[in-house]
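# Survey of secondary and tertiary structure
Now for the letters of each chain:
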Amino acid sequence: MAGLFTGGLYALLGLGLSLTWGLLRVINLANFALAFLGAYLTYQLATAAAVDPILTLIVIVPGFFLIGLALEEGFLRFKLDELTSLIVTFGLTVILESLIQWIWTADFRRLESPYARTSLKLGPLFVGLGGLLAFLAAALLTLATWAWLRWSYLGKAARAAAQDGPMAGAFGVNRRRLALMLAGLSSAYAAVAGLFIALNHTLAPSQIYSWIGVVFAAVIIGRLGNALGLLAASVFIAGSEALTMAVTAPGWAPLVSFTLLIVILLLRPEL
Amino acid sequence: MNSGPRLSPTWGLVVAALALAAVPALKLPAFYESFLYLVFFWISLATSWNILSGYAGYFSFGHAAFFGAGVYTTATFTTAFNVPFLLSLPAAGLVAALLGSVIAAVVFRVRGVRGELFGLLTLAVTFVLSTIALNTRLDGGPGVFLAAVPVPTVFGTPATTLYHLALAAAFVSVFAALAIYRSRWGMGLFAIRDDEDVAEVLGVPTFRYKLVAFALSCFIAGLIGGIHAMFVTYVTVAETFAVGLAVDAIMMAALGGTRVWYGPALGAVIITTLTQSLTGGESAVLNRALIGAILIAVIVFLPNGVAGGLQRRFRRAAPASAGARTSVGATAGPTASTIARVTVATPAPAAAAPLLGCVEIKKAFRGLQALAGVTLDVRAGEILGLIGPNGSGKSTLINVVSGYYRVDGGQILLDGQDIARVHAHRIAGLGLARTYQIPRSFHRLSVLDNVALAAMFGGGHGRATGRSLGRAWLAFTGLEAKADALPGELNLLERKFLDLARALASEPRLVLLDEVLSGLTPAQMTDALGLVRRIRERGTTVVFVEHIMRAVLDLADRVVVLSGGRVIAEGAPRLVMRDPDVVRAYLGKAYA
Amino acid sequence: MLEIDRLEVAHGDAVAVWDVSLAVGTRELVTVVGPNGAGKTTLIDAIAGLLPIRSGTVRLEGRDLSSVPAHQLCQHGVALVPEGRRLFPAMTVEENLEIGCYAPAARRKRAQSLERVYATFPVLRERRRTVAGSLSGGQQQMVAIGRALMAMPRLLLLDEPSLGLAPQIVDQVFEVVAGIHADGVAVLLVEQNIVQAFAIAARAYVLEHGRIVAEGVPADLARDPRIREAYLGQQ
């Protein structure tokens, strides 16, 4: 059961990454650091203002949307390709990590909230509220994103622009505005992921890196730009990890996702 | 890569190494030795990373994996098996190299894994290895203590020994980088970075070159890993397999310049010095942020790093090539000396058997039959024009003959030998070369090196011979004044001539020209036609695809017309163009 | 409708089109023919805003198009059917058509436009949910034309619609183009296939090597030796 919920978190973290990589050809490694920034901000605001953590989204999400806009503006202006964007966002990750550490120190922080403490009883199982919410949010957002891409005009325009940019432009698609919007959206997703990280996990700056591998694996396995695929892959990976942990020692869990990632990259390099 | 500087860098390196080796004798405060150790440490890591990733363009994010392999090899050998520390070092290097070779052998076979995918894959390898280390007896969790392992003391304290070992590792890595940079191997790696497919077609053994470069890079990483294990004396998985290590190495190489042998070392010195001067308390954290910011600034604004900026400065200082706007092709023709130096292909007498024979060649793409059974002959020493309306299959035919596409059926006989199933990179060695409609030069190699590369790998020559042959070919095409320029600085006609020189440098018997005249002004076209004739005078057979009819009528001895994937006419140009079938193919029924 | 004056377009440092002047009247079907490499696609791409213009002017209904950003051109009544179709390969037929009327004005008429396109190309109605990349060449050409029609253009730009198609399909395509013209849309048709193009055009230009070498009424031009020269070289 825990596997399912961890999968939800993977999907939340990967959603922004999958979108920008699939539709904008930018690999935004900083998505993870952003999510953690969001997590820390949630912690700070919820603790300082003594409000329900979920309410902090009201402030954080728009702010992150703007951050996303600014980032994409930079990518467009400097015409960064995929590999360069990977390196640049690695640099950004380092900067963000340092920022986080400077403000909140390297000490572990734990957001105290009713969500972490409550468990619901679903049939014979006890389910942590925080984890359940994370999964529900993931399911909701991925479904919404998928549906938006599939059926809305803007979503179709985004897909068209990714397949043949100039032709989409020839029929009226303002690619620049679209790119900015998608980037802003991705960062907003990172903010949401941050909320649930704060609810369910202890925060430390070094934690940023521990998610990178798994989420990348999920994004690639689920195919770039495919929200539902991401969700499925995330759940699958999280489930395999849980299984591995149950069968062998917990330490072996990461092996699953990375081996899968390597295999997929070798067998289907045309993402 | 220009011709090397006057002073030999090798001696400079040796002198520097000796000088640095003497530093401990100065009995300075321990801080200096530690600082220098760190500098050597990072020089080794950054330079070794650069050997594959910088030179060949395959950015690995997994350097930490091989570093870690070396760390844990030494840790395990010295503690569990009581192997003497010094002996464990080559083992550390070898284990890392072996690991790297196995991975490379698999990954480099897959064509699609380049660029960012290679980066991700190598990143994944780091995580896999760290998991394995964490969960097996290699580490198991608590880390490995090495304090009890004896370190031989030659010049004083163990710290000094480690200092010298690190210095040795740094020296080895920089020396290797320099040696490779000046070798055939290095030139091949640079070509791979610019355009791997073209490099392969020219005969560069891409798989082998990449594999050995990667193995060497891993060896050095493992070596410094083993040394470092003893330096820290307490090894943990988290610290060893840290992704940040790989990023730091990349950043130093990028800052210093990935395309030069001393770039990564330069970057390592700069960053380590900066880091040291910014340590202490609060600023330690911000200093990481600063480094991140530097990385971003460098990648965006200085794609060639500090070294690249320096190189550009020096090139501008050099006198601009005489007559920067010399019209190319104005030279009357090859001088006697160039003919003497370049082996002339013996023009075959009107041979009975054709040089190239295509027999019923078929090729289809997704339902579209591009070639529906093409049969034609090319006679030695002729200039054959290949024409036809758009979509008739001309380019496909060129691509099929040069090995870029596989035929579905039929034979391609080069001097009687069927080359239909031969790989593209072997075809260069068999005497066939081609140019591209849009010139594909190696844009970071000098004009001379572009041609020299083809001579070296197509003709099996060494670097020096390759270079002098390159100059001869540049003279033949009138480009010798631009030998040290970069292809991006040439105009279109010059780039096409460069393409031609490169195609000729492998001494082909047959050269395929794909729309060489497209985009040229009438004056430039005259130059180009003149060059094609000179090529034939040397004895090379020419097949050229062209649309510009005036040129075809002017240049071709014989003409073959394709339409709908088949040959519909062939013969003397003017006669063929009056053939009713040909007229109908171009203009439609009403005109025949 | 469309006035082009001394247009010059370059690819990098290679000048592809120079000193080209031509005009298309409000309800005219004009064709530009020429051999391969003459610069026909460059010309069309420049008009459609896909390539930058080095010098000269392009006026649509009096308005200078060079000041209009590329993605707004379709709102001025220009739609492009590019060389090689250039559909969005992973999207369905209907989605491709829908992108055609992305611009606000056209989007309001989406339902009617779709109906009209399906009426013109019944095959597409059957295949509306098929992924565009898996269609045959002829069907793709229909989708490309349909997509342009969805934009409700007053001027349709067609770049070598006959490329890569079997002769019977080419006949169908040209029938459709003639039909579109009959409905009142001005058409600029760039083609290598002279017979088909001359059959439906009111006026024609001959482009060779980036320059206009002849212009006039197809019936006259057909006998003009300059056409033969352009395609087949000096006789």
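On a predicted model such as this, the values are computed, not experimentally measured, just so you know.

### Side note on the overall build of chain B
Summing up its helical and strand segments, chain B has 23 helices and 12 strands in all. By sequence separation, contacts in chain B at least 24 residues apart represent 75% of the contacts at least 6 residues apart.

### Let's talk about the overall build of chain A
Helix and strand counts for chain A come out as 12 helices and two strands. The linear arrangement of helices and strands in chain A, starting from the amino end, is α-α-α-α-α-β-β-α-α-α-α-α-α-α. Taken along the three principal axes of its C-alpha coordinates, chain A extends 55 × 45 × 35 Å. The proportion of buried residues among the 271 residues of chain A is 56%. Here the contacts in chain A between residues at least 6 apart in sequence split such that 78% fall between residues at least 24 apart.

### Some remarks on the environment of Asp45(C)
Residues and elements named next belong to chain C. Mapped onto the fold, Asp-45 is located in helix α1 (residues 40-47). The class of Asp-45 is buried, set by 23 C-beta atoms lying within 10 Å. Taking the C-alpha atoms as reference points, Asp-45 and Thr-130, 85 residues apart in sequence, are found 28 Å from one another. Sequence-distant contacts of Asp-45, that is, excluding residues within four places in its chain, are made with Leu-50 and Leu-51.

### Observations regarding the domain arrangement of chain B
Residue and element names in this part refer to chain B. Here the domain parsing of chain B yields domain 1 (37-314) and domain 2 (349-591). Taking only C-alpha atoms, the centre of domain 1 and the centre of domain 2 are 44 Å apart. The interface is formed by 15 residues belonging to domain 1 together with 18 residues belonging to domain 2. Looking at the side of domain 1 that touches domain 2, its residues break down into seven nonpolar, three polar and five charged.

### Thoughts on the environment of Glu72(A)
Following the sequence through the fold, Glu72(A) ends up in helix α3 (residues 57-77). Note: C-alpha distance between Glu72(A) and Asn28(A) (44 residues apart in sequence) is 9.8 Å.

### Thoughts on unusual backbone geometry
Trans peptide bonds make up most of the peptide bonds, and negative phi angles are found at most residues other than glycine. The phi torsion at Glu515(B) lies on the positive side, around 50°, for a residue other than glycine. Relative to the elements of secondary structure, Glu515(B) occurs in the loop between β9 (510-514) and α20 (522-537). Despite not being glycine, Glu160(C) shows a phi value in the positive range, around 45°. Structurally, Glu160(C) can be placed in the loop between β7 (155-159) and α7 (167-182).

### Comments concerning the sheet that holds strand β5 (residues 383-387) of chain B
Residues and elements named next belong to chain B. Strand order in this open sheet of six strands is β8-β9-β10-β5-β11-β12, and the pairing throughout is mixed. Lying at the two open borders of the sheet, with one neighbouring strand each, are β8 (432-434) and β12 (566-571). Adjacent strand axes in the sheet meet at a mean angle of 20° when their direction is disregarded. For β9 and strand β10 (residues 541-545), the ladder comprises five bridges, and the chain directions are parallel. By the bridge assignment, Asp-514 is partnered in β10 with Val-545. Along the sheet face, helix α23 (residues 580-587) touches β11 (558-563) and β12 and points at about 130° away from the line of β12.

### Regarding the interface of chain A and chain C
Counting residues at the interface gives 17 residues for chain A and 20 residues for chain C. Among the elements of the structure, α7 (153-163) and α8 (165-170) of chain A are those that each provide at least two residues to the side of chain A that touches chain C. Per element, the largest residue contribution to the side of chain A that touches chain C is six residues, and it comes from α7(A). By residue class, the composition of the side of chain A that touches chain C is nine nonpolar, four polar and four charged.

### Brief notes about the interface of chain B and chain A
Reports often express the size of an interface as the amount of accessible area lost when the parts come together. Contacts between the two partners involve 33 residues from chain B, matched on the other side by 33 residues from chain A. Among the secondary structure elements, those contributing two or more residues to the side of chain B that touches chain A are α4 (85-107), α5 (115-135), α10 (243-256) and α12 (282-301) of chain B. Looking at which element gives the most residues to the side of chain B that touches chain A, the answer is α5(B), with 13 residues. Residues of the side of chain B that touches chain A, tallied by class, amount to 25 nonpolar, six polar and two charged.

### Here we look at the pairing of strand β3 (residues 356-365) of chain B
Residue and element names in this part refer to chain B. Bridge count for β3 against strand β4 (residues 368-378) is eight bridges, and the pairing is antiparallel. For Ile-361, the partnering residue across the bridge sits in β4 and is Val-374. As paired elements, β3 and strand β6 (residues 409-414) share five bridges and run antiparallel to each other. Bridge assignment links Val-359 to a residue of β6, and that residue is Gln-411.

### Looking at helix α2 (residues 30-49) of chain A
All names here are of chain A. Across its 20 residues, α2 extends 28 Å between first and last C-alpha, which sits within 8% of the 28 Å expected from 1.5 Å per residue. α2 sits mainly inside the fold: 15 of its 20 residues count as buried. Looking at the residues trailing α2, positive phi occurs at Ala-50, about 50°.

### Comments concerning the nonpolar core
Core analysis: the biggest nonpolar cluster contains 390 residues, and Leu12(A), Ala218(A), Ala166(B), Ala501(B) and Leu157(C) have the highest contact counts within it. Here the element with the most residues in this core is helix α9 (residues 175-200) of chain A; it accounts for 17 residues. Each residue touching Ala501(B), except ones within four places of it in the same chain, is listed here: Val451(B), Trp473(B), Leu474(B), Phe476(B), Thr477(B) and Leu479(B).

### As for the sheet that holds strand β4 (residues 55-60) of chain C
Residue and element names in this part refer to chain C. Here we have four strands laid out as an open sheet, ordered β2-β1-β4-β5, and antiparallel in their pairing. What marks the edges here is a single partner per strand, and that holds for β2 (14-24) and β5 (63-64). By the bridge criterion, seven bridges tie strand β1 (residues 2-11) to β2 in an arrangement that is antiparallel. By the bridge assignment, Leu-7 is partnered in β2 with Val-20. Set on the sheet, α1 makes contact with β1, β2 and β4; between it and β2 the angle comes to about 65°.

### Quick word on α7(C)
All names here are of chain C. Its 16 residues place the ends of α7 23 Å apart at the C-alpha level, agreeing with the 22 Å of an ideal helix rising 1.5 Å per residue. Along α7, the positions that sit buried rather than exposed are Val-173, Phe-174, Val-177 and Ile-180. Buried residues of α7, viewed axially, fall in a sector of 115°; they line one side. Within α7, the exposed residues directed more than 90 degrees away from the buried face are Gln-168, Glu-175, Gly-179 and Ala-182. Turning to α7, the residues buried within the fold contact α6 (137-150), β7, β8 (186-191) and α8 (194-200). Just downstream of α7, Gly-184 is the residue with a positive phi angle, here 110°.

The rules behind the values
- Going along each chain's sequence as written, the residues are numbered from 1 onward.
- Think of it this way: whatever chain is written first is A, whatever ligand is written first is 1, and the rest follow in order.
- Predicted model: local features are reported for residues with pLDDT of at least 70 only, side-chain atom pairs are reported and counted for 80 or more only, and whole-chain, interface and lining totals are derived from all residues.
- By the criteria applied, helices consist of DSSP H or I runs no shorter than four residues and strands consist of E runs no shorter than two, each listed in order from the N terminus.
- For every residue pair, C-beta atoms are placed from the backbone, and the pair is scored as a contact if these atoms sit within 7 Å.
- To assign burial, the other C-beta atoms lying within 10 Å of each residue's own C-beta are counted, with C-beta atoms placed from the backbone; 20 or more indicates buried, 12 or fewer indicates exposed, and intermediate counts indicate partly exposed.
- Domain delimitation in this document rests on an assignment produced automatically or drawn from a domain database.
- Only Asp, Glu, Lys and Arg are considered charged in this grouping, and only Ala, Val, Leu, Ile, Met, Phe, Trp, Tyr, Cys and Pro are considered nonpolar; every other residue, Gly among them, is considered polar.
- For two strands to pair, DSSP has to find at least two bridges joining them.
- Every axis corresponds to a line fitted to the C-alpha atoms, with the helix fit spanning only the stretch in contact, and the corresponding angles, defined between N-to-C directions, vary from 0 to 180 degrees.
- Each helix should span, by expectation, one fewer than its residue count multiplied by 1.5 Å.
- Only buried residues count toward a nonpolar core: Ala, Val, Leu, Ile, Met, Phe, Trp, Tyr and Cys, linked into one set through C-beta atoms within 7 Å.
- Taking the helix axis as origin, the arc is that swept by the directions to the C-beta atoms.

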